[in-house]
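Take a look at the letters that make up each chain.
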Amino acid sequence: MSNYDQMWKELGLDLPNHEGLLKFLGEAYQGIYLTQKNRPAGMGYFDFVISEVHGLRIKEIVDARKAGKKGIGTFCVYVPEELVLAANGIYIGLCAGAEVGTPQAEQYLPRNTCALIKAFFGFKLANLCPYGEVTDLIVGETTCDGKKKAYEAFNDITGKMHIMDLPNTKSAEGRKLWRAEVARLKDKLEELTGVKITPEKLAEAMKIVNDKRRALQRLAALRAADPTPISGLDALLINQIAFYDDPIRFTDMLNKLCDELDGRVKEKVGVVPAGAPRVLVSGSPMAIPNWKLHHLLETSGAAVVGEESCVGARNYRALTPEKFAGLDDALDKIAERYLTIDCACFTPNDERIENIVKMRDELKVDGIVHYALQFCTLYTSESFKVAKELKEFPFLRVETDYTMEDAGQLKTRIEAFLEMVRNRRK
Amino acid sequence: MPHIGLDIGSRNIKLAVMEAGKIATLKKEESGFDPLERCRNLLASCPVGPITATGYGRHLVEKTFSCGTVSEISAFARGALFFDPSVRTVIDVGGQDSKAIRVDGAGRVMAFEMNDKCAAGTGKFLEIMARALEMTIDEFGDRGHRNESRVRISSLCTVFAESEVISLIGRGADRRSIAYALHEMAAERASSLVSRVGVAPTVMLAGGCARNPLFTALLAEKLARPLVVGEFPEFAGAIGAALVE
């Protein structure tokens, strides 16, 4: 019996299966994370957060809701976090990175739906995700066909969906549409929370969110050091936790970790031997606890030094300008900031290639692994363009899901890729 | 000092002993359910020397024989150059996977592609199809087959292709035409894989399927150039492993 059983029961979770899930998670974390050597001491906080992923953080949110706050679930980095915080809401990323409840999900979704969509459905239908249960509103967005249709069915089940209409292009008309959608979300949040979003509240929220982004940028920059002071797995975990932890505490703890990493960089202390192939992972998001590719890469001798991903650079690359003149100007700036994100759902999406090249150069990358979730048309399609633009630069295309059935094949490809990278450096 | 390369594939284990840059011994055994034991047997009669393992079972033997490992990709690239130094594109169609590799003159891999999870178009696929047609492997891969019934196999999946074959037999298509169509499908698959890495003027076909004359002829036709087939195509990985530094 855990201390949280009563809370989980009240949230409607399937207790026996939930216990099984936590056990599985704990074992995976032990095997993948805690076996890593020479981790920074500052990871202790994040280890603790994971150990309490369905415990303490949920309790905090439950308590905050009792005190009148609202939980706002999101699936995507296009949903403006500033607005949620300005309405006194709790921002909760709901994307899921484990294969759970697939048979139930397939009663609503075609089999050839990506693992991420199936997982958020599966977690809900199998009653295994406390985060979904502590939301009062779930904000979806039209970033792909799979999600659009899934949200319709998800609304039938939860009745909580609000969909933001993200344009397909960044044209003047597209920008106008998006600006209106940002305003519509503001109205929706105000109506839900009863809190008026004022310029003062927005300024405060922007500072909180930008501080978090600045801390994540700081972490990203530290990984440019050779040897890299932190494993890709640990950095990925931090980027995943950024979506559901308390933002102020998270930023504080991440900055403390970065202070430690500063020292490591000065003393040239790394987690891998200097000269280990430096890999940039680029493509589809890796929602928690999807650690598969990083684990395979790093146990094969690579150092993952960056994530060109929503769970990564797309989430923190741009700050929202904190200086604005009144509410309308603030909403303009928020809308603009979010449209700088280079998701493959846009056409054209040339910025993404530029950003990949920039990250490759800044992080002194030896090879790029393009990661696409199986059946993710947008990122699998864009992988061809990325490969073409990178010319002869070492490039590996990986298309996979959350299961481990292809781990052997992936390992062979990854080892061959790292051999190629090492030989090419000679 | 002899160098030993051990290629533990999904269907067969291949062993190559290389001495002074020349082949000293080549041996092959089915992988079976205990590949480690098979490797021990193969190594029992070998001279002592450093061993490098490749193939899907490379990590299985790594500790037992305290040997180095190398991926199949690097091993085949190196092995292909041993047979013909002018080769720049290598295709390996093995028991359960296929790969295309672009290699430079120094044997360095420049790019590679592998088939997805499934075994469509690989040796295992052809083996199952031969059985469905009640042909031996030699009869099945006969270069003399023509597609007189003008049949087409559209399924990539081994299971579905087999039911397609059965329904073609049911409709009275002749076996030789079906065999031809199956090879055409496998060659199509290999050619699309290889075109993703780039088709160099000199292309080598390695792996067990290089011993299949019909497959080799159809693939050469699709790539519009003759294919170099080494003397021991299924040993390219083992030889390459023995030569990798």
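Since this is a predicted model, take the numbers as computed values, not measurements. (Residues numbered from 1 in each chain as written. Chains lettered and ligands numbered in written order. Predicted model: local features only at pLDDT ≥ 70, side-chain atom pairs only at ≥ 80, totals over all residues.)

Draft legend 1. The arrangement of the overall build of chain A in detail. When helices and strands are tallied, chain A shows 19 helices and eight strands. Its C-alpha radius of gyration of 21 Å places chain A within 12% of the 22 Å reference for a compact globule of 426 residues. Considering only C-alpha atoms, chain A reaches an extent of 65 × 55 × 45 Å along its principal axes. Across the 426 residues that make up chain A, the buried fraction comes to 52%. For chain A, long-range pairs separated by at least 24 residues make up 75% of all intrachain contacts whose partners lie at least 6 apart in sequence. (Helix = DSSP H or I, 4+ residues; strand = E, 2+ residues; numbered from the N terminus. Rg over C-alpha atoms; globule rule 2.2 N^0.38 Å. Buried ≥ 20, exposed ≤ 12 C-beta atoms within 10 Å, placed from the backbone. Contact = placed C-beta atoms within 7 Å.)

Draft legend 2. Summary view of the overall build of chain B. Looking only at helices and strands, chain B has nine helices and 10 strands in total. Principal axes of the C-alpha set define a box for chain B whose edges measure 60 × 40 × 30 Å. Considering only residue pairs separated by 6 or more positions, chain B has 68% of its internal contacts joining residues 24 or more positions apart.

Draft legend 3. Just unusual backbone geometry, in detail. Each neighbour pair has its own omega, and for A:Ile288 with A:Pro289 the value is 0°, a cis peptide bond. With respect to the secondary-structure elements, A:Pro289 resides in the loop between strand S5 (278–283) and helix H14 (292–299). In this structure, the amide linkage connecting A:Thr347 to the following residue, A:Pro348, adopts the cis form with an omega of -10°. Position of A:Pro348 among the secondary structure elements: in the loop between helix H16 (326–338) and helix H17 (350–362). We note that A:Asn88 has phi near 65°; this positive angle belongs to a residue other than glycine. Assignment of secondary structure puts A:Asn88 in the loop between helix H5 (81–86) and strand S2 (89–93). Accessibility expressed as a C-beta count within 10 Å gives 17 for A:Asn88, which makes it partly exposed. Although it is not a glycine, B:Ala20 adopts a positive phi angle of roughly 50°. Position of B:Ala20 among the secondary structure elements: in the loop between strand S2 (12–19) and strand S3 (22–30).

Draft legend 4. Spotlight on the domain arrangement of chain B. All names here are of chain B. As assigned here, chain B comprises domain 1 (1–84 + 233–245) and domain 2 (86–229). Centre-to-centre separation of domain 1 and domain 2, based on C-alpha positions: 24 Å. Each partner contributes residues to the interface: domain 1 has 18 residues there, and domain 2 has 25 residues. For the side of domain 1 that touches domain 2, the leading source of residues is helix H3 (residues 72–83), giving 10 residues. Class assignment for the residues of the side of domain 1 that touches domain 2 results in eight nonpolar, five polar and five charged. (Domains from an automatic or database assignment. Nonpolar A, V, L, I, M, F, W, Y, C, P; charged D, E, K, R; others polar.)

Draft legend 5. Structural view of the sheet that holds strand S6 (residues 303–308) of chain A. All names here are of chain A. Read from one edge to the other, the open sheet built from four strands follows the order S6-S5-S7-S8, with strand pairing classed as parallel. Edge strands, defined here as strands with exactly one partner in the open sheet, are S6 and strand S8 (395–400). Ignoring which end each strand starts from, the neighbouring axes of this sheet average 25° apart. In this fold H17 packs onto S5, S6 and strand S7 (367–373), with an angle of close to 155° to the strand it touches most, S6. (Pairing = 2+ DSSP bridges. Axes fitted to C-alpha atoms, helices over the stretch in contact; angles between N-to-C directions.)

Draft legend 6. How the structure looks around the packing of helix H3 (residues 43–51) of chain A against helix H12 (residues 232–241) of chain A. Residues and elements named next belong to chain A. Orientation of H3 relative to H12, taken along the N-to-C sense of each, is 55°, at an axis distance of 11 Å. By the angle between their directions, the pair H3 and H12 is classed as oblique. Judged by the sense of rotation from one axis to the other, the crossing of H3 with H12 is left-handed. Together, Met-43, Phe-46 and Val-49 of H3 and Asp-234, Leu-237, Ile-238 and Ile-241 of H12 make up the contact between the two elements. Taken together, the residues of the contact of H3 with H12 break down into six nonpolar, no polar and one charged. (Parallel < 35°, antiparallel > 145°, perpendicular 65-115°, else oblique. Left-handed = near helix turned anticlockwise from the far one by under 90°.)

Draft legend 7. Focus on the interface of chain B and chain A. If you look at the interface, chain B gives 12 residues, while chain A gives 12 residues. Listed by contribution, the elements that provide at least two residues to the side of chain B that touches chain A are H3 and strand S8 (109–114) of chain B. Residue contributions to the side of chain B that touches chain A peak at four residues, all from S8(B). Counted by class, the side of chain B that touches chain A contains seven nonpolar, two polar and three charged residues.

Draft legend 8. Examining helix H8 (residues 213–223) of chain B more closely. Residues and elements named next belong to chain B. Listed as buried for H8 are Leu-214, Phe-215, Thr-216, Leu-218 and Leu-219. Packed against the buried residues of H8 are helix H7 (175–197), strand S9 (203–206) and strand S10 (227–228). Looking one or two places after H8, you find Ala-224, whose phi comes out positive at around 55°.

Draft legend 9. Up close: the nonpolar core. Among the nonpolar cores identified, the biggest contains 211 residues, and A:Val279, B:Leu6, B:Ala80, B:Val90 and B:Ile101 are the most heavily contacted of them. When residues in this core are grouped by element, the largest group, 11 residues, is from H7(B). Each of domain 1 (1–84 + 233–245) and domain 2 (86–229) of chain B accounts for three or more of the residues forming this core. The contact partners of A:Val279, leaving out residues within four places of it in the chain, are A:Leu297, A:Ala302, A:Ala303, A:Val304, A:Val305, A:Val365, A:Asp366, A:Gly367 and A:Val369. (Core = buried A, V, L, I, M, F, W, Y, C linked by C-beta atoms within 7 Å.)

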